[in-house]
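Here is what each chain is made of, one letter per residue.
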Amino acid sequence: MASTLADRSTRSTEHLTTIDGRADARWCCSQLEAGQILYLEQLPFALPEVDRQFLLSQRQDARYHKNISYRPQEDKLRGFAAEQPAEVERLHRILRDYSRRTTEYLSGLLAPYAAQWTLDFATFRPIEEKGRDLPLHKRNDLMHVDSFPSRPTRGARILRFFTNINPTEPRVWLTADRFEPLAERYARQAGLPRYAKLGSPMRRRLDGAVRAMKRAVGLRAPHYAPYDRFMLRFHDFLKESGEFQASPARTQIDFPPGSAWMVFTDSVPHAVLSGQFALEQTYLIPLDAMQCPHLAPVRVLEKACGRPLID
Ligand code: SIN
Ligand code: FE
């Protein structure tokens with residue numbers, strides 16, 4: 001089922017809720033937690049035209065192996081190897097501004113989350129997604145839910161705020177049924193019972209000892225809960241599953257030039273089919289901040305396997 005946003009007359013459809021600046025914060029949070037994509041026809045703050053033109057002038061070439069990321073906590077830019085230091089500095093400043101302005105805006109719109117969220121990375125996505133040549137598990141055009149290989153969340157939610165800065169082309173997404181039916185259909189097949197056993201006291205002691213040893217020799221040793229390990233597997237499983245990828249229950253959403261949207265990408269299955277030039281900022285939001293924690297993937301999975309998946 002294809003839908004164009006331009007001719008939407010209702011505020012809310014099965015997967016998408018159009019909002020404006022006056023939307024109530026608690027209502028917005030509960031819409032997001034129920035799996036809706038919150039959509040804004042226009043980015044709610046100014047992105048200076050000169051900055052947008054600069055971003056659009058960054059053509060896809062061998063310099064870009066992946067997205068360009070900005071780490072707000074360290075104020076660091078990664079993944080951009082321009083020869084000109086002035087260009088690097090300019091991109092750094094633009095992403096810093098986008099990250100700050102987005103965070104200022106969402107601090108009001110999603111006030112119940114703001115006191116507790118962790119500001120994660122922002123990204124600039126200058127590569128045309130259609131026909132992008134990536135290994136299967138990295139392909140963005142296959143439906144999946146997000147999890148981060150290097151940044152376990154231990155149950156915290158992944159919220160992402162996107163902006164399509166392309167002046168003429170939409171960013172085209174597919175989305176499908178929400179997390180509960182997805183888990184019901186596929187979590188066991190993806191190995192949930194096996195991952196649930198990782199939470200046993202003996203296994204936790206063993207993992208703790210391995211982490212301590214790694215730290216003692218100066219290695220990074222993030223703490224992956226059974227939930228994180230399962231979600232990494234689930235991400236790959238869904239991309240590998242011919243049955244899931246071919247499932248007809250799909251909704252196509254064309255995000256027009258200049259629009260912005262936010263969504264919990266750890267629970268809402270999504271894929272991007274085409275589009276070039278987007279900005280994005282990620283937030284990690286703890287379960288404690290949720291209005292409906294029972295809808296969070298970790299709680300859905302714990303209910304399904306009858307065991308705790310975080311400690
Ligand atoms: C993704 O999170 O899978 C990609 C979404 C996008 O870049 O539009
Ligand atoms: Fe994703």
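None of the values given here were measured: they were computed from a predicted structure.

Caption draft 1: Spotlight on the pattern of salt bridges. A complete count under the given rule lists 15 salt bridges for this structure. A salt bridge links arginine 52 to glutamate 49; its shortest N-O distance comes to 3.1 Å. Highlighted residues: arginine 52 and glutamate 49, both in helix H2 (residues 49–56), separated by 3 residues, approximately one helical turn. Among the residues examined, arginine 52 registers a relative accessible area of 17% and is labelled buried. In this structure, the salt-bridge partner of aspartate 120 is arginine 151, at a minimum N-O distance of 2.5 Å. Of the two residues, aspartate 120 sits in strand E6 (residues 118–125) while arginine 151 sits in the loop between E6 and strand E7 (157–164), which places them 31 residues apart along the sequence. Taken individually, aspartate 120 and arginine 151 each receive the classification buried, so the pair is uniform in this respect. Several salt bridges share partner residues, and in doing so they unite Arg125, Asp146, Arg160 and Glu280 into one network.

Caption draft 2: How the structure looks around helix H5 (residues 179–186). The set of residues buried in H5 consists of Phe179, Leu182, Ala183 and Tyr186. Along the axis of H5, the buried residues cluster in a sector spanning 95 degrees; they form a single face. Taken together, the buried residues of H5 touch helix H8 (226–240), helix H9 (242–246) and helix H10 (297–305).

Caption draft 3: Inspection of the coordination of the iron ion (ligand 2) at higher detail. Coordination of the iron ion (ligand 2) by the protein comes from His144 (NE2), Asp146 (OD) and His270 (NE2), over a distance range of 2.1 to 2.2 Å. Positions of the donor residues of the iron ion (ligand 2), expressed as sequence spacing, correspond to H-x1-D-x123-H. The pair histidine 144 / aspartate 146 is uniform in exposure class, with both members buried.

Caption draft 4: Main features of the layout of surface pockets. The calculated volume of the largest pocket comes to roughly 1,100 Å³. The wall of the largest pocket is formed by 35 residues, among which Asn67, Asn140, Phe148, Pro149 and Arg160 lie closest to the centre. When contributions to the lining of the largest pocket are tallied by element, the ones reaching two or more residues are strand E4 (68–71), E6, E7, strand E8 (171–175), H8, strand E11 (270–274) and strand E12 (278–285). Element by element, the count of residues in the lining of the largest pocket is highest for H8, at 4 residues. Residue classes in the lining of the largest pocket are distributed as 9 nonpolar, 13 polar and 13 charged.

Caption draft 5: Local environment of the site of ligand 1. Taken together, Arg125, His144, Asp146, Arg160, Phe162, Arg171, Trp173, His270 and Val272 make up the full set of residues adjacent to ligand 1. Between arginine 125 and ligand 1, the recorded distance is 2.7 Å, taken from a side-chain N or O atom to an oxygen atom. In the model, an oxygen atom of ligand 1 is placed 3.2 Å from a nitrogen or oxygen of the histidine 270 side chain. A total of 260 Å² of accessible area belongs to ligand 1 in isolation, and the protein chains cover 97% of it. More than half of the atoms belonging to ligand 1 lie within 2 Å of the grid points that define the largest pocket. Contributing elements (two or more residues each) for the shell around ligand 1: E7, E8 and E11. Of the residues belonging to the shell around ligand 1, the class tally is 3 nonpolar, 2 polar and 4 charged.

About the criteria used
Residues numbered from 1 in each chain as written. Chains lettered and ligands numbered in written order. Predicted model: local features only at pLDDT ≥ 70, side-chain atom pairs only at ≥ 80, totals over all residues. Heavy atoms only, no water. Salt bridge = Lys/Arg side-chain N within 4 Å of Asp/Glu carboxyl O. Helix = DSSP H or I, 4+ residues; strand = E, 2+ residues; numbered from the N terminus. Buried < 20%, exposed > 50% of the residue type's maximum accessible area, 1.4 Å probe, protein only. Arc of directions from axis to C-beta. Contact = heavy atoms within 4.5 Å. Donors = N, O, S within 2.8 Å, 3.2 Å for Na, K, Ca; no water. 1 Å grid on protein atoms, 1.4 Å probe; cavity = no way out; pocket = protein on both sides within 12 Å on 5 of 7 lines; lining within 4 Å. Points joined across faces, edges and corners; volume = space filled by probe spheres on them. Nonpolar A, V, L, I, M, F, W, Y, C, P; charged D, E, K, R; others polar. Near = heavy atom within 4 Å. Polar contact = N/O pair within 3.5 Å; in protein donor to acceptor, adjacent residues only side chain to side chain. Areas by Shrake-Rupley, 256 points an atom, 1.4 Å probe, with all protein chains shown as cover. Sits in = over half its atoms within 2 Å of the grid points.

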